[in-house]
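Residue-level structure breakdown
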Amino acid sequence: MTSPHSIVRFVGLDPRAFFAPLPAPPDAADATVALWAGIGPADLDEQREAVRAEIGDTVDEVLSDPRLAAAAHSLPIRTGQRVVVLGDSISAEAGSWADLLAEVLHRLRPGATLLNWSLAGRTTAETVAALAPVVAHRPDWVITMIGTNDVRRHGVGSGVRMASSSAIAHARDALRERLHTETAAQLITLTPPPINPATVAANRSTGVWWELADIAEAVEAALVDDPTAIDVHATVSTGPDFWGADGIHPTRTGQRAILTAVLDGFRRPRWPGPPVS
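Residues numbered from 1 in each chain as written. Predicted model: local features only at pLDDT ≥ 70, side-chain atom pairs only at ≥ 80, totals over all residues. Heavy atoms only, no water.

What follows deals with helix α12 (residues 212-225). Because each turn of an α-helix spans 3.6 residues, side chains separated by three or four positions end up pointing in the same direction. Its 14 residues give α12 an end-to-end C-alpha distance of 20 Å, which sits within 8% of 20 Å, the value for a rise of 1.5 Å per residue. Every buried residue of α12 is listed here: D214, I215, A218, V219, A221, A222 and D225. The arc enclosing the buried residues of α12, seen along the axis, measures out at 155 degrees, which places them on a common side. Seen from the open side of α12, the exposed residues pointing more than 90 degrees away from its buried face are A213 and V224. On its buried side, α12 packs onto β4 (153-154), β5 (160-161), α10 (165-182), β6 (186-190) and α13 (232-235). (Helix = DSSP H or I, 4+ residues; strand = E, 2+ residues; numbered from the N terminus. Expected span 1.5 Å × (residues − 1). Buried < 20%, exposed > 50% of the residue type's maximum accessible area, 1.4 Å probe, protein only. Arc of directions from axis to C-beta. Contact = heavy atoms within 4.5 Å.)

As summarised here, the arrangement of the three strands in space is β5-β4-β7, forming an open sheet in which the pairing is antiparallel. Here the strands that pair on one side only, and so sit at the sheet edges, are β5 and β7 (208-209). For β4 and β7, the ladder comprises two bridges, and the chain directions are antiparallel. Bridging from a neighbouring strand, R153 pairs with W209 of β7. (Pairing = 2+ DSSP bridges.)

Turning our eyes to something else, we now look at the side chain of T58. Here T58 shows up in helix α4 (residues 41-63). Residue classification places T58 among the buried positions, given a relative accessible area of 3%.

Pairing is parallel in the open sheet, where four strands are placed in the order β2-β1-β3-β6. Sheet topology places β2 (113-116) and β6 at the edges, where each strand pairs with a single neighbour. Strand after strand, the sheet turns through a mean of 20 degrees between neighbouring axes, direction not considered. Inspection of the sheet shows strand β1 (residues 82-87) paired to β2 by four bridges, in the parallel sense. By the bridge assignment, V85 is partnered in β2 with N116. Packed onto the sheet, helix α7 (residues 97-108) meets β1, β2, β3 (141-145) and β6 and runs at close to 165 degrees relative to β2. (Axes fitted to C-alpha atoms, helices over the stretch in contact; angles between N-to-C directions.)

With that settled, consider the pairing of β1. Summarising burial for β1: five of the six residues are buried, a large majority. The pairing of β1 with β3 spans five bridges and is classified as parallel. Paired with V85 across the two strands is I143, which belongs to β3.

Let us now look at the packing of aromatic side chains. This structure, assessed with the given rule, holds six aromatic pairs. Aromatic pair F10 and F18: ring centres 5.8 Å apart, planes at 80 degrees, arrangement edge-to-face. The interplanar angle of 70 degrees and the centroid separation of 6.4 Å between the aromatic rings of W141 and F266 together place this pair among those described as edge-to-face. Within this pair, whereas W141 is found in strand β3, its partner F266 is found in helix α14 (residues 252-266), the two being separated by 125 residues in sequence. Owing to a relative accessible area of 7%, W141 belongs among the buried residues under this scheme. (Phe/Tyr/Trp six-rings, centres within 6.5 Å; stacked < 30°, edge-to-face > 60°.)

As structure tokens, then:
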């Protein structure tokens, strides 16, 4: 049985992206999450506050490291700017690296906001089709970590992949074209993080699985599309405690490691002008 805590994490702290594809009024989102989790509104608030406290503790740890604190302070995102994150469940879950980055911005860039428009299971092509609210948000920055589900396979025996190499390239082209044409945002590409090699066989037996070579292909597609991408896959620090039981989704430790890779990646010289305070 899925616990209320797991459901709250799965939906994320801001349920707008989760419910956007569904024919449900926006003001019904919290009540629906509470009903699904089998808890009342007060308990839902308590679950979310517990995650927010965890986020705060993790960011405290990050900013207590002088190197990471310097990287955070040098972020080129300015006070008052709007950031949107596009991704899948790795970014969508409550307590993700995106939530951690939002807390960093809250502390260091007053007035800057982060809208996490990520959704579990989402492919690049599906992201292209879900951009209308992002365009309406008028973001200054769009950060993407997408591609893991492009190479997701289905079927214990068949192993059909969600998207071919050419389809992935086309979807990435379309995503970039829409964002460049319909927004004035600076686009930052993050490569997908690695998966745990030890869980590939077990995941295949469930009928939903990933191959290491496919993940490498998704990473390469991101780097070909954007040679200035932050290569999280290559630079993130992994270990036994990086992944949860499925070997796909990061733990709290893994999400912190992704944030670290993102902060370090932002320090690479690519944007004009000095660091902004």
